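Descriptive analysis of the structure
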Amino acid sequence: MRNIPLDCFRGIFALIVAFGHFYAWSGYGSVYPVSFVYAVDFFFVLSGYVLVNSIVKEDCFNLEKQYITFFLKRIFRIFPLYYFTTILGFLITSWVNGTDLQLNYMRLFQVVFLGQMTGFSDGGNFLNNSPAGIAWSISAEIWVGFLFFTIVFLLKNKLHLMFIVSLFLAWICLVTMNRFAPNGMEETYRQLSPFLTFGSIRCLLGFSAGFMTWYVAHKITIDLGKGASVFQILIVSIIFYLYYYHYDDRGLGILSPVFSSMLIYFFTFNGAVYKCLNNKIGEWFGKLSFSIYLVHPIIIAIAIKLEAFPSFYMNLLYVFVLAIMSLITYSCIESRFAKLYMRINL
């Protein structure tokens, strides 16, 4: 059974990223908290949590079969919408910037196979402010996910050992990002070594935190009772306060996976905020989250071309257009291919 409030937060954080890019790419970066970039860490932690939950609850012990299922689910959900927005994004970006996309075979491989985090890139402006550019996080989830999937599957009967492995991986990733990433947790495409990007390390940190969150939520029995509502309000308030009023503190990036884990954990309880989000609106926020994430660069590119910059009324129009386009792409592409997968899987 899906946790609708957590899906809703996925949509909320996607919208936060969409607004962050609107302000930053329009030249108003100093107005909007730069901490919006840490919203991606919530995606990583939640994806790790959901991945572990699906593996542990699945009775199948056939690694090959689960791999095929894992692959197909992501191919049918991710690639159709990704290809559509990428092609449209390239056309719009080329029109807006009036520049050559500088495509070559290596970059085409990177785009076609979601290889942004594999190291198959020699730079260039073809990813700038486009759906393919921000898809670095999706690329990380795909490729790091395969590695993490294998580890969890092999240790699914020794979850206490997997907890120790996850704790060790999280510590290594934190130390690496803190010591070697020039911009801390904001680093994505920069490589630590050939074929190892900081974005992938950041994703592995999130997946590890996601497993530990799942373990604590499912293996350690705690009854918060009415206290669940207090903790839910508290964690949401703390996250808002820290990332809005202390957005210039890059050290907060290291704590981002921790806050994301706390948010997910406390929303496994049926508290007051959980109940407020557990409705059709929350459900649709979750459904549209992926479309919001991939569609918004296209709208921003058009807005910049038309010199429609952030303002109160422009922000309202931006949300309206983003909602309409996200609903269309979800209904016509993402939802249809998800149904196609279900028919094939039957």
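See the structure shown above.
Now for a look at the structure at hand. (Residues numbered from 1 in each chain as written. Predicted model: local features only at pLDDT ≥ 70, side-chain atom pairs only at ≥ 80, totals over all residues. Heavy atoms only, no water.)

1. What to know about the overall build of the chain
Check the secondary structure of the chain and you find 13 helices and two strands. Reported as C-alpha extents along the three principal axes, the dimensions of the chain are approximately 55 × 45 × 45 Å. Across the 346 residues that make up the chain, the buried fraction comes to 51%. Contacts spanning at least 24 positions in sequence make up 79% of the contacts within the chain whose residues lie at least 6 apart. (Helix = DSSP H or I, 4+ residues; strand = E, 2+ residues; numbered from the N terminus. Buried < 20%, exposed > 50% of the residue type's maximum accessible area, 1.4 Å probe, protein only. Contact = heavy atoms within 4.5 Å.)

2. Focus: unusual backbone geometry
Although it is not a glycine, Leu114 adopts a positive phi angle of roughly 50 degrees. Positionally, Leu114 belongs in the loop between helix H4 (105-112) and helix H5 (131-134). Since its relative accessible area comes to 0%, Leu114 is described here as buried. Of note, the phi angle at Glu307 is positive, near 60 degrees, even though the residue is not glycine. Considering the arrangement of structural elements, one finds Glu307 in the loop between helix H12 (280-305) and helix H13 (312-345).

3. Quick look at the packing of helix H2 (residues 39-57) against helix H6 (residues 136-154)
Put simply, H2 and H6 touch, their axes get as near as 10 Å, and they point 35 degrees apart. Judged by the twist between their axes, the crossing of H2 over H6 is right-handed. Taken together, the residues of H6 that come into contact with H2 (itself represented by Val40, Phe43, Phe44, Ser47, Leu51, Val52 and Ile55) are Trp136, Ser137, Ala140, Glu141, Gly145, Phe148, Phe149, Val152 and Phe153. A class-by-class count of the residues in the contact of H2 with H6 yields 12 nonpolar, three polar and one charged. (Axes fitted to C-alpha atoms, helices over the stretch in contact; angles between N-to-C directions. Left-handed = near helix turned anticlockwise from the far one by under 90°. Nonpolar A, V, L, I, M, F, W, Y, C, P; charged D, E, K, R; others polar.)

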